[in-house]
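Examining the three-dimensional arrangement
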Amino acid sequence: MVVTRPRVSIDFHNILVPIFGTRIDDDIVSTAGRMAAEGDPEEKDAHSVMTILYLIEIPLTRGIKDPLPEAVAEEAQRATKRAKEVADEYEDVEIRVEIVRVRKRGTGIVFNARRLGVDAIVMGAEPPSPIKGGARLGGIGDYRPEEIGPITAYVLKRAPCRVLLTAPRSA
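I will try to describe carefully the structure that is included in this document. Just so it is clear, the model here is predicted, and its values are computed rather than measured. (Residues numbered from 1 in each chain as written. Predicted model: local features only at pLDDT ≥ 70, side-chain atom pairs only at ≥ 80, totals over all residues. Heavy atoms only, no water.)

Overview of the sheet that holds strand β5 (residues 162–166)
Worth spelling out the cut-off: Two strands are said to pair when DSSP picks up at least two bridges between them. Working definition: helices are DSSP H or I runs of at least four residues, strands are E runs of at least two. Numbering for both runs from the N terminus. Under this scheme, a helix contributes an axis fitted over its contacting stretch, all axes are lines through C-alpha atoms, and angles between N-to-C directions fall in the 0 to 180 degree range. The contact definition used throughout considers only heavy atoms, calling two residues in contact when any of these lie within 4.5 Å.
Ordered by their spatial adjacency, five strands build an open sheet running β3-β2-β1-β4-β5, and the pairing between neighbours is parallel. Both outer strands of the open sheet, β3 (93–102) and β5, are each paired with one neighbouring strand and no more. Strand-to-strand twist in this sheet, taken as the mean axis angle between neighbours without regard to direction, amounts to 20°. The pairing of strand β4 (residues 120–124) with β5 spans five bridges and is parallel. Opposite A120, over in β5, you have R162 as the bridge partner. Contacts from helix α2 (residues 70–87) reach β1 (14–19), β2 (48–57) and β3, with the element oriented near 160° to β2. Along the sheet, helix α3 (residues 105–116) makes contact with β1, β2, β3 and β4, crossing β2 at roughly 150°.

What follows is the structure, given as structure tokens:
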């Protein structure tokens with residue numbers, strides 16, 4: 001007697017992809033594009049959306065709407081243009097690009113995930129912070145695995161949806 005399990009499929013029609021202008025961005029966008037494009041073949045009118053989100057962290061010493069340094073604005077444009085080029089390979093997926101100013105990247109990702117009502121966040125696990133210890137010593141004051149940084153830990157803890165991490169390739 002052969003027992004087969006039914007195929008479990010999780011469809012993601014609305015995916016948030018935070019990018020940071022790093023080498024792993026192409027991998028993250030490709031992963032999210034494949035997830036969005038797969039969909040359920042039985043859903044004929046399924047519409048998938050991938051929102052590429054570039055977060056510009058503004059320090060508290062500056063106004064959130066102050067003009068950006070030219071290099072920062074250019075980097076945001078370069079990174080989002082490249083990410084859109086990669087995402088455009090997935091023809092059946094609507095691609096949206098947003099450049100958002102935030103005080104903290106983790107908070108910005110979670111806030112935008114809620115605002116957009118996404119099914120999943122696909123992001124790269126940033127390298128861990130070299131700062132160790134509790135809040136008094138400059139650390140995050142919270143336990144997290146050594147393999148992930150503070151932005152990833154924040155998103156994993158507070159995201160309103162599933163989070164898929166894409167790790168950087170090993171050296």
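A short note on helix α4 (residues 150–158)
The criterion, for reference: Buried residues are those whose accessible area, probed at 1.4 Å on protein chains only, stays under 20% of the maximum for their type, while exposed residues exceed 50% and partly exposed ones sit between those limits.
Restricting attention to buried positions, one finds in α4 the residues I151, T152, A153 and V155. Where α4 is buried, its residues touch α3, β4 and β5.

Regarding the environment of P18
Residue placement: P18 occurs in strand β1. When its relative accessible area of 1% is taken as the criterion, P18 is described as buried. A C-alpha to C-alpha distance of 6.9 Å links P18 and I109, two positions 91 residues apart in sequence. Excluding residues that lie within four positions of it along the chain, P18 makes contacts with L53, L55, I109, I121, V122 and M123.

Focus: the nonpolar core
Quick reminder of the rule: Among buried residues, the Ala, Val, Leu, Ile, Met, Phe, Trp, Tyr and Cys ones that are joined through side-chain atoms within 4.5 Å form a nonpolar core.
Residues I15, V17, I19, V29, M50 and I52 are the most contacted members of the largest nonpolar core, which totals 25 residues. Those elements that place two or more of their residues in this core are β1, α1 (25–38), β2, α2, β3 and β4. Setting aside anything within four residues of it in sequence, one finds M50 in contact with I15, V17, V29, A32, G33, A87, V93, E94, I95 and R96. Within the second largest apolar cluster, 17 residues are counted, among which are L55, V100, A113 and A159.

A closer look at the pattern of salt bridges
The following threshold applies: Salt bridges are counted wherever a side-chain nitrogen of Lys or Arg sits within 4 Å of a carboxyl oxygen of Asp or Glu.
Scanning the entire structure with this criterion turns up six salt bridges. Its salt-bridge partner being R78, residue E75 comes within 2.6 Å of it at the nearest N-O pair. With a gap of three residues between them, E75 and R78 both fall in helix α2, about one helical turn apart. For E75, a relative accessible area of 26% puts it in the partly exposed group. Residue classification places R78 among the partly exposed positions, given a relative accessible area of 43%. Here R82 makes a salt bridge to E85, at a shortest N to O gap of 3.8 Å. Pair noted here: R82 and E85 are both in helix α2, with a separation of three residues, about one helical turn. The exposure class of R82 is partly exposed, given its relative accessible area of 38%. A residue is classified by how much of its surface remains accessible, and E85, at 40% relative accessible area, is partly exposed. Through salt bridges with shared partners, one network takes in D26, R82 and E85.

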